[in-house]
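# Geometric and topological summary
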Amino acid sequence: MTEVLRSALRVEPDVFALRQRGREVAAAVGLDGQDQVRIATALSELGRELLAAGGADVLMSVLDGPPALAIELRSIGPLPDAATPARAAAARLVDTLAVAHADGAAVVRLARRLPALPDPAALAALRATVATTVPATPLDELAAQNESLIAALDEVRRQRNDLTRLNAELQETNQGVLVLYGQLSAELEETNRGVVALYAELDDKTAQLRAASAAKSRFLANISHELRAPLTAVIGLSRMLTDHASDPLSADQVTQVTLIHDSARSLLVLVNDLLDLAKAEAGHLEPTWSDIDLVLLLGQLRGTLRAIGTRPGVELVIEDPPAGLAVRSDEALLGQVLRNLLTNGVKFTERGEVRLICAADGPDGVTFTVADTGIGIPADQQDRIFEDFYQIRGELQATVTGTGLGLPYARRLAGILGGGITVASTSGAGSTFTVRLPRSPAADPT
Ligand code: ADP
């Protein structure tokens, strides 16, 4: 705390002096013109009240901490407890005003925050001026007060003009915003209409697509069904022709008939695959749920795959399922899915092994993993191999038979069983297909 000024308030002219000193001190501690008038007016109001109560001693100082101008007016006589109009007016002009009563006297403390700690040299100069100059006469102070009043009135007029201008600007801006809002609303409405129309078109197209897909499935189902009978006949007849019981054929004829027989067989495989796929797509495959004997199912797979055979140097391992793993599903469809994956594994593996592992997947799921050490699938084709008829071109692929329908069919079947198939593969190192199924399907009515 730095003391700036002490003065006494005993007679009427002291009030004018206090007012003048207040303004000077306020200026010296760095308050602007308006704040100087505020401090002077507050002191003038309080000074008059304290003079009526017998006079007061005044101390003005600067507080550091948050910098502030603090003024203390210690009354000689008692002050009324209740707030007076003078105190209320003064309180509005400063940041804080407090009155403490003790021993028949009162201390009024008021403070105003300062923008920064004042320069000590300015305070010293002020102290020196105060010590050497005589306060102005009441007339001078009145003149100064008038000047402040005129300045304050000017300020009020300026502010009112500013306000009028701001109001006009605000009104203009509001109108602009309203226009913009209107435009945006109109645009939004138009966009919405467009989106609605687009959705309607999309719905239309979806319906058309669904109809086209259903027509395709129906066509495939019908045509494959129709083709099966003549194909079976061709296969049977060509086998009969080469049979020992028939008339012997020339070597050339045997070759040609064998060719007919093999071609018809390949065609039958394709037709059967197409028929299966069309059925699955058309939703005609209703699973028959039953508790699956995994040991039996995997045993049957072992038998079927052994009949197909693997290349020399490739081992087919079908691991026993974990004991007590209960799975409810459609045995025929699940067997078909696993057969397709194992057949692929065997087809596309030249050395190493193809392994099927069955395991629990959390409390409600089961996984069947078919992992091979074969040629693998490039990352950019791992999605495409599930598309109808998609086959990867390559040296090994050219030597094996296939329709490109095995994986799409397997994925559809897994879907019908309430699960799905994923693949992970590294080109040249092998592939792992994982079938995930619920242990007990939600669709099971029993
Ligand atoms: P395909 O009758 O040709 O086997 P799929 O739909 O079963 O038809 O498989 C599509 C293609 O995916 C295959 O032609 C092959 O290129 C690739 N593929 C499938 N399984 C494997 C695998 N285990 N290893 C490498 N490539 C595979």
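Every value quoted in this text rests on a predicted model; they were computed, and no experiment measured them.

## Regarding the overall build of the protein chain
Looking only at helices and strands, one finds 10 helices and 12 strands in the protein chain. With the principal axes as the frame, the protein chain shows a C-alpha extent of 155 × 55 × 50 Å. Taking all 446 residues of the protein chain together, the buried fraction comes to 35%. Here the protein chain displays about 25,700 Å² of accessible surface, and carbon together with sulfur accounts for 58% of that area. Where the 41 positive side-chain charges of the protein chain centre and where its 56 negative ones centre are 1 Å apart.

## Focus on the packing of helix α6 (residues 251-281) against helix α10 (residues 406-416)
One way to put it is that α6 packs onto α10 with a least axis distance of 10 Å and a crossing angle of 35 degrees. When the axes of α6 and α10 are compared, the crossing they make is left-handed. Between α6 and α10, the residues in contact are Asp276, Leu277, Ala280 and Glu281 and Pro408, Tyr409, Arg412 and Ile416, respectively. Grouping the amino acids of the contact of α6 with α10 by side-chain chemistry returns five nonpolar, no polar and three charged.

## Regarding the packing of aromatic side chains
On inspection of all chains with the given rule, the structure shows one aromatic pair. Centroid distance phenylalanine 386 to phenylalanine 433: 6.4 Å. Interplanar angle 65 degrees. Geometry classified as edge-to-face. With phenylalanine 386 in the loop between β10 (365-372) and α9 (395-399) and phenylalanine 433 in strand β12 (residues 430-438), this residue pair connects regions lying 47 residues apart in the sequence. Phenylalanine 433 carries the same exposure label as phenylalanine 386, and that label is buried.

## Comments concerning the site of the ligand
Around the ligand there are 22 residues in total, and Asn344, Asp372, Gln391, Thr403 and Leu407 lie nearest to it. Between a nitrogen atom of the ligand and a side-chain N or O atom of aspartate 372, the distance comes to 2.8 Å. Here an oxygen atom of the ligand sits 2.8 Å away from a polar atom, N or O, in the main chain of leucine 407. Compared with its free state, where it exposes 530 Å², the ligand has 97% of that area covered by protein. Mapped by element, the contributors of at least two residues to the shell around the ligand are α8 (331-347), α10 and β12. Here the residues of the shell around the ligand sort into 10 nonpolar, 10 polar and two charged.

## Brief notes about the sheet that holds strand β1 (residues 2-9)
Read from one edge to the other, the open sheet built from five strands follows the order β1-β2-β3-β5-β4, with strand pairing classed as antiparallel. Strands with a single pairing partner mark the edges of an open sheet, and in this sheet they are β1 and β4 (96-102). Taken over all neighbouring pairs, the strand axes of this sheet differ in orientation by 15 degrees on average, direction set aside.

## So, the sheet that holds β10
An order of β7-β9-β10-β12-β11 is seen for the five strands of this open sheet, with the pairing classed as mixed. Edge strands, defined here as strands with exactly one partner in the open sheet, are β7 (314-318) and β11 (420-426). Averaged over neighbouring strand pairs, the angle between their axes works out to 15 degrees when direction is ignored. Bridging between β7 and strand β9 (residues 352-361) involves five bridges; their strand directions are parallel. Each residue of the ladder has a partner; that of glutamate 315, found in β9, is glutamate 353.

## A word on the environment of leucine 301
With respect to the helices and strands, leucine 301 occurs in helix α7 (residues 294-308). The sequence separation of leucine 301 and valine 37 amounts to 264 residues, and the corresponding C-alpha distance is 103 Å. Non-local contacts of leucine 301, meaning those with residues more than four positions away in its chain, are made with Ile318, Gly335, Leu338, Arg339, Leu342 and Leu356.

## A look at a nonpolar patch on the surface
A cluster of nonpolar side chains, Val195, Tyr199 and Leu202, forms an exposed patch at the surface whose accessible area comes to about 290 Å². Position of valine 195 among the secondary structure elements: in helix α5 (residues 138-242).

## A few points about α5
Along α5, the sharpest kink reaches roughly 30 degrees, centred on arginine 228 and followed within four residues by the proline proline 230. Those residues of α5 that fall on the buried side of the exposure criterion are Glu141, Ala144, Ser148, Ser217, Leu220, Ala221, Ser224, Leu231, Ile235 and Ser238.

## Quick notes on the pattern of salt bridges
Going through the model one piece at a time under the given rule, you end up with 24 salt bridges. Ionic pairing is found between arginine 112 and aspartate 95, a salt bridge with its closest N-O pair at 3.2 Å. With arginine 112 in strand β5 (residues 105-113) and aspartate 95 in the loop between α3 (85-93) and β4, this residue pair connects regions lying 17 residues apart in the sequence. When its relative accessible area of 32% is taken as the criterion, aspartate 95 is described as partly exposed. The salt bridge involving lysine 216 is made with aspartate 388; its shortest N-O contact spans 4.0 Å. Within this pair, whereas lysine 216 is found in helix α5, its partner aspartate 388 is found in the loop between β10 and α9, the two being separated by 172 residues in sequence. Classification of lysine 216 by relative accessible area gives partly exposed; the value is 37%. Under the relative-accessibility criterion, aspartate 388 is labelled partly exposed at 26%.

Rules and cut-offs
- Residues numbered from 1 in each chain as written.
- Predicted model: local features only at pLDDT ≥ 70, side-chain atom pairs only at ≥ 80, totals over all residues.
- Heavy atoms only, no water.
- Helix = DSSP H or I, 4+ residues; strand = E, 2+ residues; numbered from the N terminus.
- Buried < 20%, exposed > 50% of the residue type's maximum accessible area, 1.4 Å probe, protein only.
- Areas by Shrake-Rupley, 256 points an atom, 1.4 Å probe, with all protein chains shown as cover.
- Lys, Arg positive; Asp, Glu negative; His and termini not counted.
- Charge placed at Lys NZ, Arg CZ, Asp CG, Glu CD.
- Axes fitted to C-alpha atoms, helices over the stretch in contact; angles between N-to-C directions.
- Left-handed = near helix turned anticlockwise from the far one by under 90°.
- Contact = heavy atoms within 4.5 Å.
- Nonpolar A, V, L, I, M, F, W, Y, C, P; charged D, E, K, R; others polar.
- Phe/Tyr/Trp six-rings, centres within 6.5 Å; stacked < 30°, edge-to-face > 60°.
- Near = heavy atom within 4 Å.
- Polar contact = N/O pair within 3.5 Å; in protein donor to acceptor, adjacent residues only side chain to side chain.
- Pairing = 2+ DSSP bridges.
- Patch = residues over 30% accessible without salt bridge, like charges linked within 9 Å, V, L, I, M, F, W, Y side chains within 5 Å.
- Salt bridge = Lys/Arg side-chain N within 4 Å of Asp/Glu carboxyl O.
- Bend = angle between axes of the 7 residues up to and from the residue.

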